[in-house]
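# Understanding the architecture of this molecule
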Amino acid sequence: MQPCILCLPITILSEIKLGLALTPFVVSATSELTGLASVCCVNLTGLRYEGMRVRDVSNRFDRFQKLMTRIGFPITYYWADNNPRHVEHLQLYCKTLANAGMLQPRSATTLICNCGAVEVVEEAINSDWSMDHKVMDIREGRPFCKLCNTQLRETRRECLFLDTHFSGNPLVAIPGFYQREIDTLQESFNQPLLVSRQRKIGYELRLFDRTWRLDTDFCWSMLFCSLIENDFEPKAVVVSNRSLKPLVWAYGVSRKLCPDLAQVTALVTPYVQFETGDPARPIGSLAQLLDRYGRTPVRLLMASGLKWDKKEVVAESSLIFWALKGSARDLIAVPSEEKTSFSLQKATGLTDGHGVDKLVSDLRKLNRVELSPYHNLLLEKGSSNE
Amino acid sequence: MNKRKIRNLGEKIVAIFGAENVECILFHGSILFNPQTPPQDADFVIVLRRKKEDDCSELRRLVTHSRIVQVPIHLHLIYLEELPVNADFFSIHTCGAFFACHLRQAETIYGENIFDKLVGPSDYQLQLSLLQKVQQYTLQLRNLVFKPGKVSEGELLWAKKKSIVMLKDLLLSSDIIIQEEARIIRESMDRFPQFSAEERIFLEKLSRPWMSPRSEVKRRHFMSRCLWVHERAYEIMRTRIASTEKCRFFS
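Values in this document were obtained by computation on a predicted structure and should not be read as measured data.

### Overview of the overall build of chain B
- Per the secondary structure count, chain B includes 9 helices and 4 strands.
- Each helix and strand of chain B, ordered N terminal to C terminal, gives the series α-β-α-β-α-β-α-β-α-α-α-α-α.
- Relative to the 2.2 N^0.38 estimate, which gives 18 Å for 251 residues, the radius of gyration of chain B is 19 Å and therefore close to what a compact globule would have.
- Based on the C-alpha atoms only, the size of chain B along its principal axes is roughly 55 × 45 × 30 Å.
- Looking at chain B as a whole, 31% of its 251 residues qualify as buried.
- Residue pairs at least 24 apart in sequence account for 70% of intrachain contacts in chain B once pairs closer than 6 positions are excluded.

### Section: the interface of chain A and chain B
- Contacts between the two partners involve 13 residues from chain A, matched on the other side by 14 residues from chain B.
- Taken together, the elements giving at least two residues each to the side of chain A that touches chain B come down to helix H8 (286-293), helix H9 (295-304) and helix H10 (318-327) of chain A.
- Residues that form the side of chain A that touches chain B fall into these classes: 5 nonpolar, 4 polar and 4 charged.

### Re the domain arrangement of chain A
Residue and element names in this part refer to chain A.
- Here chain A is partitioned into domain 1 (2-85 + 221-269), domain 2 (100-169 + 189-219) and domain 3 (274-379).
- Between the C-alpha centres of domain 1 and domain 3 the distance comes to 23 Å.
- Taken together, the contact between domain 1 and domain 3 spans 24 residues of the former and 23 residues of the latter.
- At the level of secondary structure, the elements contributing two or more residues to the side of domain 1 that touches domain 3 comprise helix H1 (18-34), helix H2 (54-71) and strand E15 (265-269).
- Per-element accounting of the side of domain 1 that touches domain 3 gives the leading share, 11 residues, to H1.
- Residues that form the side of domain 1 that touches domain 3 fall into these classes: 12 nonpolar, 8 polar and 4 charged.

### With respect to the pairing of strand E3 (residues 77-80) of chain A
- One ladder, built from 4 bridges, connects strand E2 (residues 37-43) of chain A with E3 of chain A; its direction is parallel. The residue of E3 of chain A that forms the bridge with cysteine 41 of chain A is tryptophan 79 of chain A.

### Description of the packing of helix H6 (residues 153-172) of chain B against helix H9 (residues 216-244) of chain B
Residues and elements named next belong to chain B.
- The interhelical angle for the contact between H6 and H9, taken along N-to-C directions, is 15°, at an axis separation of 9 Å. In terms of their interaxial angle, H6 and H9 are classed as roughly parallel. As H6 packs across H9, the resulting crossing turns out to be left-handed. Along the contact surface, H6 presents Leu156, Ala159, Lys160, Ser163, Met166, Leu167 and Leu170, while H9 presents Arg219, Phe222, Met223, Cys226, Val229, His230, Ala233, Ile236 and Met237.
- Residues that form the contact of H6 with H9 fall into these classes: 12 nonpolar, 2 polar and 2 charged.

### Observations regarding the sheet that holds strand E12 (residues 204-207) of chain A
Residues and elements named next belong to chain A.
- If you walk across this open sheet you meet the 3 strands as E11-E13-E12, and the pairing is antiparallel. Among the strands making up the open sheet, the edge pair consists of strand E11 (196-197) and E12.
- Relative to strand E13 (residues 210-214), E11 runs antiparallel, the two sharing 2 bridges. Counted as the bridge partner of arginine 197 is arginine 213 from E13.

### Focus: the sheet that holds strand E1 (residues 22-28) of chain B
Residue and element names in this part refer to chain B.
- Pairing is mixed in the open sheet, where 4 strands are placed in the order E3-E2-E1-E4. At either margin of the open sheet sits one strand with a lone partner, and together these are strand E3 (73-79) and strand E4 (107-111). On average, each strand axis in the sheet is tilted by 15° relative to the strand beside it, whichever way the strands run.
- The pairing of E1 with strand E2 (residues 42-48) spans 6 bridges and is antiparallel. Residue pairing in the sheet places leucine 26 in a bridge with valine 45 of E2.
- Contacting E1, E2 and E4, helix H1 (residues 3-17) crosses the sheet at an angle of about 155° to E1.
- Contacts from helix H3 (residues 55-65) reach E2 and E3, with the element oriented near 160° to E3.

### Focus: H2 of chain A
Residue and element names in this part refer to chain A.
- Between its first and last C-alpha atoms H2 spans 26 Å; for 18 residues at 1.5 Å apiece the expected length is 26 Å, and the two agree.
- Looking at the buried side of H2, the elements it contacts are H1, H8 and H9.
- The positive-phi residue at the C-terminal boundary of H2 is glycine 72, with phi of around 85°.

### Some details on the nonpolar core
- Counting 160 residues, the largest nonpolar core has Val237 and Ala266 of chain A as the members making the most contacts within it.
- Ignoring any residue separated from it by four or fewer positions in sequence, one finds alanine 266 of chain A in contact with Leu171, Val172, Ala173, Ile182, Val237, Val239 and Leu247 of chain A.

### Let's talk about the environment of alanine 333 of chain A
Residue and element names in this part refer to chain A.
- Inspection of the secondary structure puts alanine 333 in strand E18 (residues 333-334).
- For alanine 333, a count of 21 C-beta atoms within 10 Å translates into the label buried.
- Separated by 29 residues in sequence, alanine 333 and aspartate 362 have C-alpha atoms that sit 9.4 Å apart.

Conventions adopted
- Here, residues in each chain are numbered from 1, in the same order as that chain's written sequence.
- Here the convention is simple: chains get letters from A, ligands get numbers from 1, in the order in which they are written.
- Totals for whole chains, interfaces and linings use all residues, but because this is a predicted model, local features are given only for residues with pLDDT of at least 70 and pairs of side-chain atoms are given and counted only at 80 or more.
- Comment: elements are numbered from the N terminus, with helices defined as DSSP H or I runs of at least four residues and strands as E runs of at least two.
- Here the globule rule is a power law, 2.2 Å times the number of residues to the power 0.38, and the radius of gyration is based on C-alpha atoms.
- Between the buried cut of 20 or more and the exposed cut of 12 or fewer other C-beta atoms within 10 Å of a residue's own C-beta lies the partly exposed class, and all C-beta atoms are placed from the backbone.
- It is the C-beta atoms, placed from the backbone, that decide contacts: two residues are in contact if theirs lie within 7 Å.
- Under the scheme applied, nonpolar residues are Ala, Val, Leu, Ile, Met, Phe, Trp, Tyr, Cys and Pro; charged residues are Asp, Glu, Lys and Arg; polar residues are all the others, including Gly.
- An automatic or database domain assignment is the source of the domain bounds shown.
- Any two strands with at least two DSSP-identified bridges between them are counted as paired.
- Axis definition: a line fit to C-alpha positions, over the contact stretch in the case of helices; interaxial angles, taken between N-to-C directions, run 0 to 180 degrees.
- Put simply, angles under 35 degrees are roughly parallel, angles over 145 are roughly antiparallel, angles from 65 to 115 are roughly perpendicular, and the rest are oblique.
- Less than a right angle of anticlockwise turn of the near helix away from the far helix marks a crossing as left-handed, whereas a clockwise turn marks it as right-handed.
- One fewer than the residue count of a helix, multiplied by 1.5 Å, yields its expected span.
- A set of buried residues qualifies as a nonpolar core if it consists of Ala, Val, Leu, Ile, Met, Phe, Trp, Tyr and Cys joined through C-beta atoms within 7 Å.

Given below as structure tokens:
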């Protein structure tokens, strides 16, 4: 099996923003520095794709992969939640969970909106564990769907529930200041979760003598097992600090199915916003910035945002201006000859955005700049890239 | 011209020069972005790693004997060693540094688009190269408008096409890169209030399917309207450049 670093599935929107590409960027860069294979996971099913033709979804995925190639983030393997092998295995995974008594049907009162984006169990309405909370809003004590703007209505029906209790075998967090938050999330994740849905999208499952429609988030949550099936051994996962819950959930569900799933390191990135400094001028999409400036200045901007010691970062596009000036003097950059594979901890230190800011500044001011192996990658220097 | 034919041409080029010698083959221009709009020609950029004496002759033979495409082919041959890392120093044909941005939007039919690896251009060179292009097109069109004799169909189409290119360049000078003609016109009208009501009516006409003006009077009228668009775009760019760059114009 190939040890790998991965990211949780990304939903690919029609326009790829820099913030969305940051996670695959970290996956790719850390993979290059550590020698782990890079796996970029994507969601190609779910609400965001509702009404789209299969071909259009597929084209969108193709464009995303081309964009990653254009910016120079090599990815070993793209895992998609609509991968036929994964979909085929879903039935088996659910049967395993049902046989172990962890997946059970029972009658419950659920709250559902008109468009079907929100569907929660009434008893868990105030729990922030449901993935639906990202599209739900409480207005004057009443729950609403943010998408269709309708108040949720009650229905009593037969539902499929997953028993959680995800504690034990904790994820290891880098930076360490996220460890407590992850531990707390793992320990508190101990209530039955609704995994069946009434809405028409999502995969069907035959279980307990009836057909269920599965929640799309539940379907991708077995991704660690799915990767093992594909001969990858998950060693590390890159997540934004806003995605710790989905990580704990996916790791927890996967461990129920693969008890020997090894301990995984979570590389938790800050929440990075890329801005121009002028609210009237949006920064533009990744493709637009690439077309305008080429890939090196855009990579330096993205890399600058990755300040591991912070939880929130605002990276201003003015850095591109300095990166253009600095990159134009790249003859003064002396590539690193270091060929070592680094530990995850060391690789994280190397990829720190403060170091990138210093690099850009030094390129403008100095006559000779010694590059780190990471800076080699960013500037495409060194023996492998020359 | 369909994608298969374009790929075939790419394969022929790779077969002639050898895969190890071809850095990339890019397909760009009107057929790629505006396949319904005449006049059409197939624009290619070929980047080779090594120079050989008869490269140009080989390409001439290919274009002469090629029955792969029915439209005129424009090939630009560039050697890797001629490409500056800094896009400020890049130009192709009569287009300056800004053209690196256009070529990044090209379809890569072989290899990896080398123009993604170029850095920039800087804002200064982008504005300067676009201004020079806009000056060139405006003066060319003025020559056509006062040229004696009848206006040919080719001249009408050229004027129409360049009017939209002027808008495209104007948008690029605001960091907006759009290739599809109808969108270029829409976006320009939204972004630049300087276009007069009459000019806007004419711009809307330009976005409709081509109907050649029948009488010579109408043809002359069309050419004058195109010149309006050119001059307005030039004026907008001049005003902007005068306020942001180290450039002053007589007034």
